[in-house]
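One-letter residues, chain by chain:
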Amino acid sequence: MYYIIIASDNEDSLERRSGVRKDHLRRLDDLRNEGRLLTAGPTPAIDSEDPGLAGFSGSIIIAEFDSLEAARAWADDDPYVAAGVYRDVTVKPYKRVY
């Protein structure tokens, strides 16, 4: 089943985000290579493809996991969590229609 991971950033987290981005993307690449990633990306803090120093307000990931618990465990292990980028993370089941 798919699960949506909705993460909100802490204030002024752009530098921390940049510092662990490679590790964060490596985990997403693993999901993609396993055919489990539907989509993933950051939510810009302003209405712009390139928010510059405004940074990001969070991230959205939709991926396939065996269970809600597995999705939560994967989300809790994200480098952005360990680095203090994310203020909070919500994980919910997601039903893909289109």
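Our subject is the structure that appears above.
These notes cover the structure that comes with them. All of these numbers come straight from a predicted model, not from anything done at the bench.

**Let's talk about the nonpolar core**
Argument step 1. Membership of the largest hydrophobic core is limited to 11 residues, which are Y3, I5, L28, L31, I61, A63, F65, A71, W74, A75 and V91.
Argument step 2. Membership of the second largest hydrophobic core comes to five residues, among which are A7, Y80, V85 and Y86.

**Topic: empty space enclosed by the protein**
Argument step 1. In the structure shown here, the tally under the stated rule is one cavity of 30 Å³ or more.
Argument step 2. Considering only enclosed or pocket space, the largest cavity measures out at about 50 Å³ in volume.
Argument step 3. What lines the largest cavity is simply I5, I6, A7, S59, I61, W74, A75, D78, Y86 and V89.
Argument step 4. Examining the composition of the lining of the largest cavity, we find that three residues originate from one element, strand β1 (residues 2-9), more than from any other.
Argument step 5. Per-class residue counts for the lining of the largest cavity are eight nonpolar, one polar and one charged.

**Quick word on the packing of aromatic side chains**
The geometry of two aromatic rings is summed up by the distance between their centres and the angle between their planes.
Argument step 1. All chains considered together, the criterion is met by three aromatic pairs.
Argument step 2. Summarising the aromatic geometry, the rings of F65 and W74 are spaced 5.7 Å apart at their centres and angled 50° between planes, so their arrangement reads as tilted. We note that F65, like W74, is buried.
Argument step 3. Grouping aromatic residues by their ring pairs yields a cluster made of Y3, F65 and W74.
Argument step 4. In this structure, R27 packs its charged tip against the face of W74, placed 4.0 Å from the ring centre.

**Topic: the layout of surface pockets**
Argument step 1. As a volume, the largest pocket reaches approximately 210 Å³.
Argument step 2. Taken together, 15 residues line the largest pocket, and the ones lying closest to its centre are R17, R21, L25, P42 and Y80.
Argument step 3. Going through the elements one at a time, α1 (14-33), β2 (37-44) and β3 (56-64) are the ones with two or more residues in the lining of the largest pocket.
Argument step 4. Looking at the lining of the largest pocket element by element, the count peaks at seven residues for α1.
Argument step 5. Each pocket or cavity is described by its volume, and for the second largest pocket that value is around 170 Å³.
Argument step 6. What lines the second largest pocket is simply D9, N10, E11, D12, S13, L14, A45, L53, A54, G55, F56 and S57.

**Observations concerning α1**
Argument step 1. Here α1 contains 20 residues, and its C-alpha end-to-end distance of 27 Å stays within 8% of the 28 Å for a straight helix at 1.5 Å per residue.
Argument step 2. By the largest-angle criterion, V20 marks the main kink of α1, which is about 55°.
Argument step 3. Here α1 has its buried residues at R17, V20, H24, R27, L28 and L31.
Argument step 4. Looking at the packing, one finds that the buried side of α1 touches β1, β2, β3, α2 (68-76), α3 (79-82) and β4 (86-94).
Argument step 5. Just downstream of α1 lies G35, where phi reads positive at about 75°.

Calculation criteria
- Residues numbered from 1 in each chain as written.
- Predicted model: local features only at pLDDT ≥ 70, side-chain atom pairs only at ≥ 80, totals over all residues.
- Heavy atoms only, no water.
- Core = buried A, V, L, I, M, F, W, Y, C linked by side-chain atoms within 4.5 Å.
- Buried < 20%, exposed > 50% of the residue type's maximum accessible area, 1.4 Å probe, protein only.
- 1 Å grid on protein atoms, 1.4 Å probe; cavity = no way out; pocket = protein on both sides within 12 Å on 5 of 7 lines; lining within 4 Å.
- Points joined across faces, edges and corners; volume = space filled by probe spheres on them.
- Helix = DSSP H or I, 4+ residues; strand = E, 2+ residues; numbered from the N terminus.
- Nonpolar A, V, L, I, M, F, W, Y, C, P; charged D, E, K, R; others polar.
- Phe/Tyr/Trp six-rings, centres within 6.5 Å; stacked < 30°, edge-to-face > 60°.
- Lys NZ or Arg CZ within 6 Å of the ring centre and 35° of its normal.
- Expected span 1.5 Å × (residues − 1).
- Bend = angle between axes of the 7 residues up to and from the residue.
- Contact = heavy atoms within 4.5 Å.

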